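# Tertiary structure, described
As a plain string of letters, each chain reads:
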Amino acid sequence: MSDTPRILLVEGDPFVAVGKLRQMRDEWFPGGPPPGGWTVFETPRRGSFDSFFNSVQAEVSCPDWDDAHRVVVLRGVLNTKAFRKCLYTLFDSVAQSNTLVILDDDGVTVGHAADLDKADESDWNALRREVSSRGKVLNVGLPLSMIPEAGRVDYVMRCMQAVGKPVTYEVAKTIMSFGPPERWFLVPEMKKIAEACEGEAVTEKDVVEAIMPVSREHEWWDLHRAIDGGKREEMTTVAADLVSAGHPYDRLASICASRLRWHLAYASLLSYGAGGQKSLEAFAACPKAEDARKAAESRHDLRRALRPVDDGDDDGPKTRGRAEQLFWRSAKEIVAAVANMKPRPGSTLLDDALERYLAAVDAMFDVRVAPQEEKATVFQEAVRKMSWR
Amino acid sequence: MKITVDQSVVAELFRRGGFVALSEDGQSSEFKTKNATRSCVRVTAANGLVTFASSVPRMWCSHSVPVQDGSVTIEEDGDVCIPAAELKRALGNLQPSHQVVIRYSPSDAKLDHSVRVQSSGDVTIGVVLKGKGKEKTVETIVAYPASEFEAGKPIAGQTILVAPREVVKQAYEMVVFATNPTDYNGIFDKVGIFDSGESVSFVGTDNHRCAVFNVKKSAFKQTADNMAVLCDVVLMSPTLGVFNDGEEISVTIGSDGSHIGVSTEGTKVNMQTVGAEGLAKYVNWRKVTEMKAGPSFVIDRNDFMFALRRVANANRERCFVSFPKGSDAVVLRSEGIALSKAVNAFADCETIQSSLSRSEACIYVSFTIECLSKLAGEKVEMSFSQGSEGKVRITSPDTPDFVHVMQRLTQNEKPGSKQPDKAA
């Protein structure tokens, strides 16, 4: 584990960051982390950080009995000086064999926005610089939609400069014209463009040629979103569009299988004739299909734990209280259900469960930190997130 | 079915045979919806025995008493499931002079909307004064068919321990504090029982600390060689609670290793455990508790606890322990990470053995306090490992069979260093 950093800051889009974190977990602990090998702390948004940071410090400063690699994940970075001061103190006490992973949820947005507006280095950059000197900063990219509109072209130029291919204002605008802002995870995309472009300077022609495959790649995201939405009709339409646009069947089948939506995929693929038959064949041949099928059959317990909860319909605080109670209990059950999962090599069940768990944690977090007057709305949204897709 | 049982007997039947139904799992609405008998006590009268039993997926218990003149009589055999919470209320506030009559006549099944299963009629519970036939109170409770009851399978395996309950309970309680009952991996929420040659070792660990209590085999009536079993503390703690001191309990491990049975003559409790798979993930506690002792001190337990509680005011997780040269006191110092308050405490030592001129270590405060609270003697010895091993051992001359080892925490790289300045 000599190549693992003692401190790792993951910044960028939170959803991509969570996926990246999961990928790192699989790399560090093939077959799942050992008991005590992976601990997650969630930053409280209220009250004193004293006992919270004391607990995190004790955990990161405690090595394993056999000096095996242990990872402590700290989720959520508050954009306050007091918080950063505590983080710096925490960095001093990370045990040699441990890794402290800081997964930013929203601090990066604030940081980047501040970077755009101010000439001075932002607090976020100070934190990043501190982590860089002791460990590693991993940027998973940030969608343009999270950058204030006025600063987007400027941000594209900065990103291109960061990857070693400076572009003019006009070229940056061209880059931006491809696809809606929520699709753009800039740093990875910029790297791809930079790799595809030859020569020092990047011209508009280069960009168009380089960006087409990237843009085409984004069409798959519609399928992911449709799967996430769980709406069969939407998924059928998207799948049909992808096939008619010349995308390969086997990739479509593989995505459906890997997302545990094999029954939806089956129904969707059936619904578009000859192309569907080919896709089905590809689906059947997909190595993940059998796993997905088994997982879907055996997820009964998890599904029961994740059953949709009564959202209260806003018909009075008493009902909402009850719904909230159910909500918290379901979250606890998710945790228990995830814990009872037995990971199989290649199985996506645990991944899916973990994803649900993280979503539940996010949902709980959102409700807890929401302003009082917005609590009801945030709660409704959290319940929606919690229900099985 | 009709039985008449003395108040003291039925109370004991319910305490030992119904505690599983009253547990959190038993009262969970999720389990109830699936099978209403999960939250019930099955009352059986057959073959001259009255049996109360209850069951949840992870655990099953039963207690039987034979028919005895006057105190336990069976007028008609049969069995029925009665909701445990209702039965508890019905059996509450009774006097020793009372007898309880439980009657059940099956009737047409009807849908119980509260739990979505078919109930099988009603059971009546009458209370009579001993020697007098007239019932003073009669209570009717909904009943469920005993055929729905999921009784645990009898454990067919090896008996690993036979001992008076107090021997097992004392050893168990000496180490259970070091476990983590909410461990989602299902490994460190268990107390381990292992064969250690001359003694049986009870082990509790949460992967940061490890408590071991050795009991000489002579204290047991029977032990098995090479035994190794993990008991879930959430299941084992209430189980040990239902038995009385002086009773001889047997601990049996199922042949597949996935179940443990704890039983006396009339009471049987089966619970799930993790078999070889769980044992493989368990901490190598023998290796963990071995260490080359370096600096150490013997100290008054109460004095040391007082000092630890003072430093816990600043940081209940960790504090620095140091032995200043030429001093006969140990200095504890803690700092809160956020509020930067600091507490120093000094505890006089009986002896300090330190080969270093100035040794310092960082320890868990809360774990140490919990460990010291378990010990009964006046003196405790704390020793720190030598070399690269980062361990702290706590023992007591008054409790020689107990050893507690915890991980030494990494000290700050730059204690007191300035925070990085914001770049201009």
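Quantities reported herein were computed from a predicted structural model and do not represent experimental measurements.

Analysis parameters
- Residues numbered from 1 in each chain as written.
- Chains lettered and ligands numbered in written order.
- Predicted model: local features only at pLDDT ≥ 70, side-chain atom pairs only at ≥ 80, totals over all residues.
- Heavy atoms only, no water.
- Helix = DSSP H or I, 4+ residues; strand = E, 2+ residues; numbered from the N terminus.
- Buried < 20%, exposed > 50% of the residue type's maximum accessible area, 1.4 Å probe, protein only.
- Contact = heavy atoms within 4.5 Å.
- Areas by Shrake-Rupley, 256 points an atom, 1.4 Å probe, with all protein chains shown as cover.
- pLDDT = per-residue confidence, 0-100.
- Pairing = 2+ DSSP bridges.
- Arc of directions from axis to C-beta.
- Polar contact = N/O pair within 3.5 Å; in protein donor to acceptor, adjacent residues only side chain to side chain.

### Points about the overall build of chain A
On a plain count of helices and strands, chain A comes out with 19 helices and five strands. Buried residues in chain A amount to 53% of all 389 residues. Put simply, 73% of the contacts in chain A that link residues at least 6 apart link residues at least 24 apart. Accessible surface for chain A amounts to roughly 17,800 Å². Of this, 53% is attributable to carbon and sulfur atoms.

### Quick notes on the confidence of the model for chain A
Residues and elements named next belong to chain A. Considering every residue of chain A, the mean pLDDT works out to 66; 40% of them sit at 70 or more. Predicted confidence is poor over residues 260-276, with pLDDT under 50, and the contacts of this stretch with residues over four places away or in other chains come to 42 contacts. For the stretch residues 341-347, pLDDT sits under 50, and the model shows 12 contacts to residues farther than four places along the chain or on other chains.

### Thoughts on the pairing of strand β12 (residues 157-164) of chain B
Residue and element names in this part refer to chain B. Pairing geometry for β12 and strand β18 (residues 248-254), over seven bridges, is antiparallel. The partner of T159 across the bridge, within β18, is T252. In this sheet, strand β16 (residues 222-223) lies alongside β12 in antiparallel orientation, the contact comprising two bridges. Along β16, the bridge assignment pairs V162 with Q222.

### Focus on helix α9 (residues 301-311) of chain B
All names here are of chain B. Every buried residue belonging to α9 is among R301, F304, M305, A307, L308 and V311, and all of these are buried. Buried residues of α9 fall within an arc of 160° about the axis and therefore sit on the same side. For α9, the exposed residues lying more than 90 degrees away from the buried face are N302 and F306. At its buried positions, α9 is contacted by β21 (293-300), β22 (318-323), β23 (329-335), β24 (342-353), α10 (365-374) and β26 (379-385). If you check the start of α9, you find a side-chain oxygen 3.2 Å away from the backbone N of N302, and it comes from D300.

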